[in-house]
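# A structural walkthrough
In case you want the letters, here they are:
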Amino acid sequence: MAVRPEDLRPEDLRPEDLRPEDLRLGGEGAPATLIEETFLGDRIRRVLRLADGTLLRATAAPGEGAPAVGEAVAIRFAPDAATILPA
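Here the structure is a predicted model, which means the values were calculated and not measured.

One open sheet accounts for four strands, arranged S3-S2-S1-S4; its pairing is antiparallel. At either margin of the open sheet sits one strand with a lone partner, and together these are strand S3 (55-60) and strand S4 (72-77). Put simply, the sheet's adjacent strands are angled 50 degrees from each other on average, direction ignored. Examined bridge by bridge, strand S1 (residues 23-39) and strand S2 (residues 44-50) share seven bridges and lie antiparallel to one another. By the bridge assignment for S2, Ala32 is matched with Leu50.

Take a look at the structure:
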């Protein structure tokens, strides 16, 4: 089943459903705050807090833009990174 981004709400997502490498910062998406950023050589690990307090991890290549720690950001993921399972 295809997932349309407009059909997904932040409250529908669980941290265990999202792979860190599939999350992207910026654009339209769920509001979050960048609370930690760690350089790991070939990637940067970021910890983000959603409005409800849920923590998510995201990874990105060094040099990909991001706000400073403590700043607000929107998080999103590609529709093909999601799989909907029957209830």
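There's plenty left to go through after this.
Attention now goes to the environment of Pro20. With respect to the helices and strands, Pro20 occurs in the segment before S1. On a C-alpha basis, the gap between Pro20 and Arg57 in space is 5.3 Å, while along the polypeptide they are 37 residues apart.

Ranked by size, the top nonpolar core spans twelve residues in total: Leu18, Leu23, Ala30, Ala32, Leu34, Leu48, Leu50, Leu56, Ala58, Val73, Ile75 and Phe77. Of all the secondary structure elements, the ones that give two or more residues to this core are S1, S2, S3 and S4. Broken down by element, this core gets its largest block of residues, four residues, from S1. Excluding its chain neighbours within four sequence positions, the residues that come into contact with Leu34 are Arg46, Val47, Leu48, Pro67, Ala68, Val69, Gly70, Glu71 and Val73.

The next point concerns the side chain of Thr59. Within the secondary structure layout, Thr59 lies in strand S3. Ignoring sequence-local partners within four residues, the contact set of Thr59 consists of Pro20, Glu21, Leu23, Arg24, Arg43, Ile44 and Arg45.

Attention now goes to the pattern of salt bridges. If you walk through the whole model with that rule in mind, you get two salt bridges. With its nearest N and O atoms 2.6 Å apart, the salt bridge here joins Arg46 to Glu37. With a relative accessible area of 4%, Arg46 lands in the buried category. A salt bridge links Arg43 to Asp42; its shortest N-O distance comes to 3.1 Å. Residue class for Asp42 comes out exposed when judged on its relative accessible area of 57%.

Of note, Arg46 is situated in strand S2. A distance of 2.6 Å separates a polar atom in the side chain of Arg46 from a polar atom in the side chain of Glu37. When residues no more than four places from it in sequence are discounted, the contact partners of Arg46 are Leu25, Leu34, Glu36, Glu37, Leu56, Arg57, Ala58, Ala60, Glu64, Gly65 and Ala66.

Rules of the game
Residues numbered from 1 in each chain as written. Predicted model: local features only at pLDDT ≥ 70, side-chain atom pairs only at ≥ 80, totals over all residues. Heavy atoms only, no water. Pairing = 2+ DSSP bridges. Helix = DSSP H or I, 4+ residues; strand = E, 2+ residues; numbered from the N terminus. Axes fitted to C-alpha atoms, helices over the stretch in contact; angles between N-to-C directions. Core = buried A, V, L, I, M, F, W, Y, C linked by side-chain atoms within 4.5 Å. Buried < 20%, exposed > 50% of the residue type's maximum accessible area, 1.4 Å probe, protein only. Contact = heavy atoms within 4.5 Å. Salt bridge = Lys/Arg side-chain N within 4 Å of Asp/Glu carboxyl O. Polar contact = N/O pair within 3.5 Å; in protein donor to acceptor, adjacent residues only side chain to side chain.

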